[in-house]
Amino acid sequence: MKNAFGKMSFLCSVLLFVLAMIVFVSPLPHKTDMALMVVWVFAPAVVGSIVYNRMEKKDRWDQTKNLP
Amino acid sequence: MNLFGIVTIGSLVLYLLVGLYCAKSTNNTEDFYVMGRSCPAYLITGTLIATNIGSVTFIGYVGSVYTNGSLPYITMFGATVTSSLILGLFVGRYIRRMHLFTVPDFFTMRYPGNEAVKVFSTAIVLFTMLIYLVAVCQGVNVVLCDIFGLSQMMSQFIILSVVTIFTMAGGMKGVVITDTIMFAIFFIAAMLVVPYIIQALGGWPEGVARAAEKLPYAMEWNGAFSKSKGFWQHLEVNLASVVLAFASPQLLSRAFIAKSEKAFGQAMILQAILFPIFIFTLLYFFSWFPAVKTDIAPTSAFTWVAMTVAPPVIGSIAIAGIAAAALSSASSMFQQAAAALSRDIYERYINPSADERRKLFISRLSVLLIAIACFIAGSMQKITALGLVYGFLFASAGWAAWAPSLLLGIFWKRATTKAAVWSMSTGFISALTFILGRTWGFTPAWVPPNLVGVTVATAVFFLVAVSDRTTERELEVYNLMRAPDPD
């Protein structure tokens, strides 16, 4: 059964990524190292939710067995 | 008894009650080992993060970022979420279709006809789970010994008793539900404590900016390490996290319990969202802590903030959070080690014809035996932050030995039993040699043992597999994994 999980997770992960940049990176005098680390740790959720959403659209989860 | 003690004991009682409640619906070994394969996504997320975050994080990593800066440690969690997403979106479905109970089940099924694979994978589970368990229990000792003034023996006894009772009673369901409650407690604990560090620094963002001027190394990619040491540190911890996500029994086993392949995928997305919030908030702000105070032991940084800087109510939740983090990791490892004893040794070699009732009894008895072994081993160690981190690396080096056999067994048609046997044994021996070499100084200290283990195991697997022929049975299992579950 399709649902809005992929879209919701995408929105949440993008919002978090932006917030992380503001909270963790913006106060620092030298920002590059921390900015790269924020990308490395927070961006996978954004990419993952895009991939999940594409799989949902292409019915790639249809092979799922739902146990009672 | 003070508020810290009341809240911590209250949380322990809650876990016991939940475990005992779960016992009502644990009626057979499928319930005990894999929760009847009915676990929803949110519980898988809770148990995965709770298992990943242990006392090592609150004691060892907080101590390490206090000393060396945060980026050489936060980096590993990027590898954790990336690997978990790959596992959830692309790999987990094949594992789940095999209807496994334990990780050694995978090797037994995928690499048939060789006793060595079964024995070896079972031995790795038992060996690594015990070492990891001892390290995890040592962490929670810091809390109980330092804060409540208990002896090390007594604190070990209390921790192990609580975990043993709820794991014995509730099996996997007890572990998963208590893990999720524990995750909620330590997540809230970290979120509540951190604002007091920001306050002590002088507020956000001004205080953080001032601390960054005072401690320039704290936010550099290599921290307080030299550039070359920083590079190897990043490589080692990231690789350890990849191995942990793909090959550690306590995390991989969550694919067996998912109610569907989709639920497992959703769980990994949720994990990728929640995990960074927790880990960044905790480790980033604690790396500024030397700007506030320098004369405390690094391993006591979190407990010191909880008990002296934060108000008592918040501090007591934080202390209960450390205990929760340690117990959640320990319970998952208990469950896996006990499953190795009961399913992979008792059911396979000692009494294959045992009835369901007997098997369930032996499964519960195995939890008790693991607890006794852990108590004896744990009573022999002294607590150091470095010791906790090395416990983690030692266990991950063991899993590095079987990671190539696991992943190549799923994705490579030509994977053979002979290749798995050679890969796992040579990978394990080389990883172990470099661990011992690092300790006693006969191999270069900068070479990560898990990197050696994975490289050797992968190379040997390819070399043996291309010179070997796949059997019909091996192909049959490979095709079974590719076929969707009949609904």
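Residues numbered from 1 in each chain as written. Chains lettered and ligands numbered in written order. Predicted model: local features only at pLDDT ≥ 70, side-chain atom pairs only at ≥ 80, totals over all residues. Heavy atoms only, no water.

Residue and element names in this part refer to chain B. Here serine 332 lies in helix H15 (residues 312-350). Taking the relative accessible area as the measure of exposure, serine 332 reaches 0% and is therefore buried. Of the polar contacts made by the side chain of serine 332, one reaches the backbone oxygen of serine 328; its length is 3.4 Å. Contacts of serine 332, omitting those with residues within four sequence positions, involve Thr47, Thr51, Val175, Asp179, Gln250 and Arg254. (Helix = DSSP H or I, 4+ residues; strand = E, 2+ residues; numbered from the N terminus. Buried < 20%, exposed > 50% of the residue type's maximum accessible area, 1.4 Å probe, protein only. Polar contact = N/O pair within 3.5 Å; in protein donor to acceptor, adjacent residues only side chain to side chain. Contact = heavy atoms within 4.5 Å.)

All names here are of chain B. Looking at the secondary structure, you find arginine 358 in helix H16 (residues 356-378). Residues arginine 358 and asparagine 28, 330 residues apart in the sequence, show an inter-C-alpha distance of 9.8 Å. The contacts of arginine 358, once residues within four sequence positions are left out, are Tyr346 and Asn351. A polar contact of 3.2 Å, which involves the side chain of arginine 358, links it to the side chain of tyrosine 346.

The subject of this paragraph is the nonpolar core. Residues and elements named next belong to chain B. Phe286 and Trp288 are the most contacted members of the largest nonpolar core, which has 172 residues in total. Considering every element that reaches this core, the biggest residue donor is helix H8 (residues 152-201), with 20 residues. Filtering out sequence-adjacent residues up to four positions away, phenylalanine 286 remains in contact with Val62, Val65, Tyr66, Val193, Ile197, Ala301, Phe302 and Val305. (Core = buried A, V, L, I, M, F, W, Y, C linked by side-chain atoms within 4.5 Å.)

Turning to the interface of chain B and chain A, a few remarks are in order. Contacts between chain B and chain A engage 50 residues on the former and 37 residues on the latter. Counting the surface lost from both chain B and chain A, the interface buries some 3,500 Å², and carbon and sulfur atoms represent 71% of this. Linking chain B with chain A are one salt bridge, by the criterion used here. With a closest N to O distance of 3.0 Å, glutamate 56 of chain A and lysine 262 of chain B form a salt bridge. For the pair chain B and chain A, the interface holds seven residue pairs in polar contact (both at pLDDT 80 or more). When contributions to the side of chain B that touches chain A are tallied by element, the ones reaching two or more residues are helix H5 (71-96), helix H9 (206-214), helix H10 (227-247) and helix H13 (261-286) of chain B. With 14 residues, H13 of chain B is the largest single contributor of residues to the side of chain B that touches chain A. Along the lines of polarity and charge, the residues of the side of chain B that touches chain A split into 26 nonpolar, 13 polar and eleven charged. (Buried area = accessible area lost by both parts, 1.4 Å probe. Salt bridge = Lys/Arg side-chain N within 4 Å of Asp/Glu carboxyl O. Nonpolar A, V, L, I, M, F, W, Y, C, P; charged D, E, K, R; others polar.)

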